[in-house]
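Here's the letter readout for the chains.
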Amino acid sequence: MKFFDRLTSDLTTLREAGNLRTLRLLPEDTLNLSGNDYLGILNDTAFREGFYDSLTGEDRKLSAASSRLLTGNVPAAVALEEALAQAYGTEAALVFGSGYHANTGILPALVGPKSLVLSDKLNHASMIDGIRASGATFYRFRHNDLAHARTFLERYAAEYEEVFVMTESVFSMDGDCTDLEALVKLKHDFPNVVLYLDEAHGVGVFGETGLGLAHAKGVHHEIDLLVGTFGKALCSTGAFVVCSSVIRETLINKMRPFIFTTALPPVNLAWTLYVFRALAGMTARRRHVLSMGQRLAEAIRGKGIACVSASHIVPYVIGENDATILEAQRFRQAGFYVLPIRPPTVPRGTARLRFSLSAEIAEADFERLLTLFQH
Ligand code: PMP
């Protein structure tokens, strides 16, 4: 059938270009430097067992067996949202099945006929999908260039009822950070700006109590929609937004990936809340992972390679695909599992290894990793 021929031919094209994606298992005896377990919670059995020991009643259930709006509004979801709103000092919080659900669903639920969207060029695919699904007019500003975003505002803001400015606090590919004070200044200078900040890689890692980069900078109250995910530093699954009550109520009524999906399992929500409550006490883990990030970036710069990272995510840009794959193999042989990132995920000629560090990494292993940059 033509259908299968087309699929096979498309896959062949991808394979020939070296861009075929495949599912792998993490090889044994390697240190995972490509995951998002930034605080080293995944293999902390004592912490996990502590959670299981504390688990009682409703929270032991393994499925919500319904959407939130039907019978899936379990006590664990309510408790988690209360804890989030209280921690961030917002009127409200809402929890979703994943960051992908959040970013694809929030914007379409909030835009009106006179909304404009300004989006960082390197925003995560989930935000891009949300923007596209919203049908709103949008412009992309140069990566991490808020002066460029400002030029769009100067030109267009007055023509629209509101302008959503969407960005990430810690960017997933390069580990560079947005200047959040400059972001907030846009809101002060243009009265119809709505700030939408994805803190997927900031929550847990940044801030005295692990609430993310906006909280660390003391500007979280200025962010209208602060989105965080639970599948990374919090080592769980799901996502949240902290926002005003009117936004929350609108999302409950209009957001399709909130309404038309099964709620997260109670056991999972309870685990997220357990980890969230422990976050403030994980300062040593945050310091360790951020210090490793800094030292790794310095080692890369020491080789004369530019590295924009200001976090625990550190790109090591090599350039060509083949050379990058060979470098990944060299690290793998030394016991470090780090995956090559190639075009089209990153621009042509900038293939790289993306180190995604975890507090689980022991100092001795990290020092051994650094020696691999001396070649
Ligand atoms: N936002 C950003 C910036 C991300 O990096 C990711 C996941 N890679 C997501 C959202 C999606 O989150 P989730 O994995 O919970 O769907």
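Residues numbered from 1 in each chain as written. Predicted model: local features only at pLDDT ≥ 70, side-chain atom pairs only at ≥ 80, totals over all residues. Heavy atoms only, no water.

## Topic: the packing of helix α3 (residues 75-88) against helix α11 (residues 266-278)
Helix-helix packing: each pair is described by the crossing angle between the helix axes and the interaxial distance. Where α3 contacts α11, the axes come no closer than 8 Å and their chain directions differ by 25°. Comparing the axis directions of α3 and α11 gives the class roughly parallel. Every pair of crossing elements has a handedness; the one defined by α3 and α11 is left-handed. Facing α3, whose interface residues are Ala76, Ala77, Ala79, Leu80, Ala83, Leu84, Ala87 and Tyr88, α11 presents Pro266, Leu269, Ala270, Thr272, Leu273 and Phe276. Residue composition of the contact of α3 with α11, by class: 13 nonpolar, one polar and no charged. (Axes fitted to C-alpha atoms, helices over the stretch in contact; angles between N-to-C directions. Helix = DSSP H or I, 4+ residues; strand = E, 2+ residues; numbered from the N terminus. Parallel < 35°, antiparallel > 145°, perpendicular 65-115°, else oblique. Left-handed = near helix turned anticlockwise from the far one by under 90°. Contact = heavy atoms within 4.5 Å. Nonpolar A, V, L, I, M, F, W, Y, C, P; charged D, E, K, R; others polar.)

## Re the domain arrangement of the chain
With domains assigned, the chain is organised as domain 1 (14-39 + 283-374) and domain 2 (50-280). Each of domain 1 and domain 2 has a C-alpha centre, and the two are 27 Å apart. Interface area for domain 1 against domain 2, summed over the two sides, is near 1600 Å², with a carbon-plus-sulfur share of 57%. Counting across the domain 1 and domain 2 interface gives one salt bridge. Residue Arg352 is joined to Asp174 by a salt bridge in which the shortest nitrogen-to-oxygen separation is 2.3 Å. If you list the elements that add at least two residues to the side of domain 1 that touches domain 2, you get α12 (283-301), β9 (313-319) and β12 (351-356). (Domains from an automatic or database assignment. Buried area = accessible area lost by both parts, 1.4 Å probe. Salt bridge = Lys/Arg side-chain N within 4 Å of Asp/Glu carboxyl O.)

## Focus: the pairing of strand β2 (residues 92-96)
Most of β2 sits inside the fold, with five of its five residues counted as buried. Alternating residues of β2 divide into Ala92, Leu94 and Phe96 and Ala93 and Val95, and every residue in both groups is buried. In this structure, β2 lies alongside strand β8 (residues 239-243), joined through five bridges in antiparallel fashion. Each bridged residue has a counterpart across the sheet, and for Ala93 the counterpart in β8 is Val242. (Buried < 20%, exposed > 50% of the residue type's maximum accessible area, 1.4 Å probe, protein only. Pairing = 2+ DSSP bridges.)

## Topic: the packing of aromatic side chains
For any pair of aromatic rings, the description rests on two quantities: the centre-to-centre distance and the angle between the ring planes. Under the defined criterion, the tally for this structure stands at 18 aromatic pairs. Centroid distance Phe51 to Tyr52: 5.6 Å. Interplanar angle 45°. Geometry classified as tilted. Residue classification places Phe51 among the buried positions, given a relative accessible area of 4%. Judged by its relative accessible area of 43%, Tyr52 is partly exposed. Stacked on the ring of Phe331, the Lys or Arg Arg330 has its end atom at 5.3 Å from the ring centre. (Phe/Tyr/Trp six-rings, centres within 6.5 Å; stacked < 30°, edge-to-face > 60°. Lys NZ or Arg CZ within 6 Å of the ring centre and 35° of its normal.)

## A look at the layout of surface pockets
Its volume calculated, the second largest pocket comes out at about 290 Å³. Lining the second largest pocket are 18 residues, with Asn32, Asp37, Leu42, Asn43 and Glu360 positioned closest to its centre. Its residues placed into classes, the lining of the second largest pocket shows six nonpolar, nine polar and three charged. (1 Å grid on protein atoms, 1.4 Å probe; cavity = no way out; pocket = protein on both sides within 12 Å on 5 of 7 lines; lining within 4 Å. Points joined across faces, edges and corners; volume = space filled by probe spheres on them.)

## Thoughts on the nonpolar core
Core analysis: the biggest nonpolar cluster contains 86 residues, and Leu84, Leu296, Phe331 and Phe355 have the highest contact counts within it. Here this core gathers at least three residues from each of two domains, domain 1 (14-39 + 283-374) and domain 2 (50-280). When residues no more than four places from it in sequence are discounted, the contact partners of Leu296 are Val314, Phe355, Leu357, Phe366, Leu369, Leu370 and Phe373. If you look at the next biggest cluster of nonpolar residues, it comprises 27 residues, including Met127, Met166, Cys243 and Ile247. (Core = buried A, V, L, I, M, F, W, Y, C linked by side-chain atoms within 4.5 Å.)

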